[in-house]
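What the coordinates show
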Amino acid sequence: MFYNKTIETLPLRKLRKLQNERLVALVNRLYKKVPFYKKQLDEAGIKPSKIKGVKDLHKLPFTKKIDLRDNYPFDLFAVPQNQVVRIHASSGTTGKPTVVGYNRKDLRIFDEVVARSLVAAGAKKGMKLHNAYGYGLFTGGLGMHGGATKLGMAVIPVSGGMTDRQLMILQDFKPEVICCTPSYAQTLAEECNKRGIDTNDLAVKYAILGAEPWTETIRSQVEAGLNVTATNIYGLSEIIGPGVSQEDFEEKGTGSYIWEDHFFPEVVDKDSGEPLPLGEEGVLVFTTLTKGAMPLLRYWTNDICSLHYDKGAKRTHVKMSSIKGRADDMLIIRGVNLFHTQVEVLLDDFPELAPCYQLIVTRKKTMDEVKLEVEVALEISQELGGRGFQKKDLIVKLTKQLSRKIKNNIGLSMQVELKEFDQIPRSIGGKLSRIKDLRKLK
Ligand code: DLL
């Protein structure tokens, strides 16, 4: 089944022609409308007329997350403010988030690619979608919502959390399709098992999982535990949100189709930036061929994967492998993106603390947990150090204040532990890793 058969099965030659035309128009538009891109191209000595199609893409400079931060919040918009109809945001590397804008046409594209993804995942018009992705600045909730509405599904906007209510809805409203993070699907599967809920009494048949890395083992657990067929959905706010790529439910394990009439992918070497051939692993880079409000040229996702064309497949579009890791140190905690530098800037507000910290990430059953260990400043350590340190009034107070600040600014609950001065490993010349990720994704 297809949502848009003509496009999804367009012969490669025609697809390239379409991409080439779209790219040429895009480069010209960005050069005129977005000062950042004019500067980028001028500095690289590239005239827009030199870009004749996707084969010339490699001549263009990359756009990186730092460029979004430098142009915060709206300076990369290519349309006047009054044409922007939606704004989303995701984590930036410091206190400020990465902001993205959509005009009406962008929302139509968003709906279209999510509708295609839903159909590829097994969903059909008339079915109900239990949407457990978060609604809010995160693109997951509203993104899936729009596409499902366009397809003609009944959306149940449950959003994330409140597992009791999720289970009640699964049992009583009988949705056929669920979408959420893979780790949350594991939680739901475990809870069904614990509470003796017979999954044969549920109607749910398809699970659409993404927003964080997952594995074949997790797929098997979710499929067995919820009695569903689980497929991968990938995306990122900067490109549109969920629905940049999607796995077909009948072609599981062969990669996710990238809707490349809208998002042109490249895989490049993480050090040299040179384009890599199909099949080789590197950093995934996207050019948004059709976006209106905030198009991006060669956006460096930092996600590591490979691309391939699957000859026997239902669709002609290129497939990407599962994400093998990140080229930077972004963590994804319970579906929320986190850079350690976001924590670092908050520490600046506490003169009682030393800027020596580490984040320890573990997964208890299906739940990611983060512990922040941070040292107090030398004088305080000298004054309060020794046995019983954790119970001292000032330490208790600072611990509470810091956890609250993290929750309010980053939106994640973390266990905070203050340590005496010089208790956290220092750099011994090489790069100091602030993160200990002890999760084992099998
Ligand atoms: O996570 C959009 C999304 C929502 C995708 C719902 C799928 C489902 P951001 O918050 O901007 O957007 O985070 C984007 O999450 O660069 C990847 O590192 C990671 N990511 C997203 N999907 C997958 C996936 C949404 N299927 C970042 N597998 C991306 C592995 C994923 N990583």
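Basis of the calculations
For every chain, the first residue of its written sequence is number 1, and the numbers climb from 1 along that sequence. Note on the predicted model: pLDDT of at least 70 is required for a residue's local features to be given, and 80 or more for side-chain atom pairs to be given and counted; whole-chain, interface and lining totals, by contrast, use all residues. Excluded from the side-chain calculations are hydrogens and water; all other atoms, namely the structure's heavy atoms, are used. Helical segments are the DSSP runs of H or I of at least four residues, strand segments are the runs of E of at least two, and each set is numbered from the N terminus. We take the radius of gyration over the C-alpha atoms and set the globule estimate at 2.2 Å times the residue count to the 0.38 power. For each residue, the accessible area found with a 1.4 Å probe, counting protein chains only, is set against the maximum for its type, and the residue is called buried under 20%, exposed over 50%, and partly exposed in between. By definition in these notes, contact holds between two residues if any of their heavy atoms fall within 4.5 Å. Throughout, the Shrake-Rupley method with a 1.4 Å probe supplies accessible areas, and for residues the shown protein chains are the sole cover considered. Positive charge is attributed to Lys and Arg, negative charge to Asp and Glu, and no charge count is given to His or to the chain ends. Here the site of a charge means atom NZ of a Lys, CZ of an Arg, CG of an Asp or CD of a Glu. To be near a molecule or strand, a residue needs just one of its heavy atoms within 4 Å of it. Polar contact is the term for a pair of N or O atoms within 3.5 Å; when the atoms are in protein, one must be able to donate a hydrogen and the other to accept it, and sequence-neighboring residues count only if both atoms are side-chain atoms. Where each domain begins and ends is defined by an automated method or by a domain database. Joining two parts hides part of their accessible area as seen by a 1.4 Å probe, and the buried area is that hidden amount summed over both. Any Lys or Arg side-chain nitrogen located within 4 Å of an Asp or Glu carboxyl oxygen qualifies as a salt bridge. Residues are grouped as follows: Ala, Val, Leu, Ile, Met, Phe, Trp, Tyr, Cys and Pro are nonpolar; Asp, Glu, Lys and Arg are charged; all remaining types, including Gly, are polar. Any two strands with at least two DSSP bridges between them are considered paired. Between N-to-C directions, angles span 0 to 180 degrees; the directions come from axes that are lines fitted to C-alpha atoms, helices contributing only their stretch in contact. Aromatic pairing here means that ring centres of Phe, Tyr or Trp (its six-membered ring) are within 6.5 Å. Orientation follows from the plane angle: under 30 degrees is stacked, over 60 is edge-to-face, and everything else is tilted. For a ring to carry a charge above it, either NZ of a lysine or CZ of an arginine must fall within 6 Å of the ring centroid while also lying within 35 degrees of the normal to the ring plane.

Notes on the overall build of the chain
Helix and strand content of the chain: 12 helices and 21 strands. Since a compact globule built from 442 residues should have a radius of gyration of about 22 Å, the 23 Å found for the chain is in line with a globular shape. For the C-alpha atoms alone, the extent of the chain along its principal axes is close to 75 × 65 × 40 Å. The 442 residues of the chain split such that 53% are buried. For the chain, the share of sequence-separated contacts (at least 6 apart) that also reach a separation of at least 24 residues comes to 66%. On the chain, roughly 19,800 Å² of surface is accessible, and the fraction owed to carbon and sulfur atoms is 52%. Distance between charge centroids for the chain: 5 Å, based on 66 positive and 53 negative side chains.

Points about the site of the ligand
Residues in contact with the ligand amount to 23 residues; listed here are only the nearest, N232, I233, S237, D303 and N337. S237 is positioned such that a nitrogen or oxygen atom in its side chain is 2.5 Å from an oxygen atom of the ligand. D303 has a polar side-chain atom sitting 2.6 Å from an oxygen atom of the ligand. Protein coverage of the free-state accessible area of the ligand, which is 610 Å², stands at 97%. For the shell around the ligand, the secondary-structure elements that each account for two or more residues are α6 (139–151) and β7 (229–236). In terms of residues, the shell around the ligand owes the most to one element, β7, which gives five residues.

Examining the domain arrangement of the chain
Split into domains, the chain comes out as domain 1 (1–324) and domain 2 (331–437). Computed from C-alpha coordinates alone, the two centres of domain 1 and domain 2 are separated by 33 Å. Facing the 16 residues of domain 1 at the interface are 13 residues of domain 2. Note on domain 1 versus domain 2: buried area summed over both sides is about 1,100 Å², and carbon and sulfur give 53% of it. Ranking the residues of domain 1 by area buried against domain 2 places S91, T93 and E212 at the top, with a combined share of 34%. Inspection of the region where domain 1 meets domain 2 yields zero salt bridges. On inspection of domain 1 and its partner domain 2, the count reaches five residue pairs in polar contact (both at pLDDT 80 or more). Partitioned by chemical class, the residues of the side of domain 1 that touches domain 2 number three nonpolar, nine polar and four charged.

Quick word on the sheet that holds strand β20 (residues 415–419)
With mixed pairing, four strands are arranged side by side in an open sheet as β20-β19-β18-β21. The two strands at the open ends of the sheet, each matched to only one other strand, are β20 and β21 (435–437). The average undirected angle you get between the axes of adjacent strands in this sheet is 15°. Of the strand pairs in this sheet, strand β18 (residues 353–364) and strand β19 (residues 367–376) are connected by nine bridges, and their pairing is antiparallel. Bridging across to β19, L359 finds its partner in L372.

Side note on the packing of aromatic side chains
Under the criterion given, the structure shown has seven aromatic pairs. Pairing F62 with W300 gives two aromatic rings, centres 5.0 Å apart and planes at 75°, and the pair type is edge-to-face. Of the two residues, F62 is situated in the loop between α3 (35–44) and α4 (65–70) and W300 in strand β12 (residues 299–305); the sequence distance between them amounts to 238 residues. For F62, a relative accessible area of 18% gives the class buried. For the pair Y102 and F110, a centre-to-centre distance of 5.7 Å together with 5° between the ring planes defines the contact as stacked. Each of the two residues, Y102 as well as F110, counts as buried. A cation over an aromatic ring shows up here: K64 above the ring of W300, its NZ or CZ 4.1 Å from the ring centre. The ring of Y257 has K319 sitting right over it, with the charged end atom 4.7 Å from the ring centre.

Observations concerning the side chain of N131
Structurally, N131 is set in strand β3 (residues 128–131). Polar contacts involving the side chain of N131 include one to the main-chain amide nitrogen of Y133, which spans 3.3 Å. For N131, the side chain forms a polar contact with the side chain of Y135, separated by 3.0 Å. In this structure, N131 is in contact with G140, G141, M144, H145, V155, I156, P157, V158, S159 and C179, ignoring residues within four places of it in sequence.

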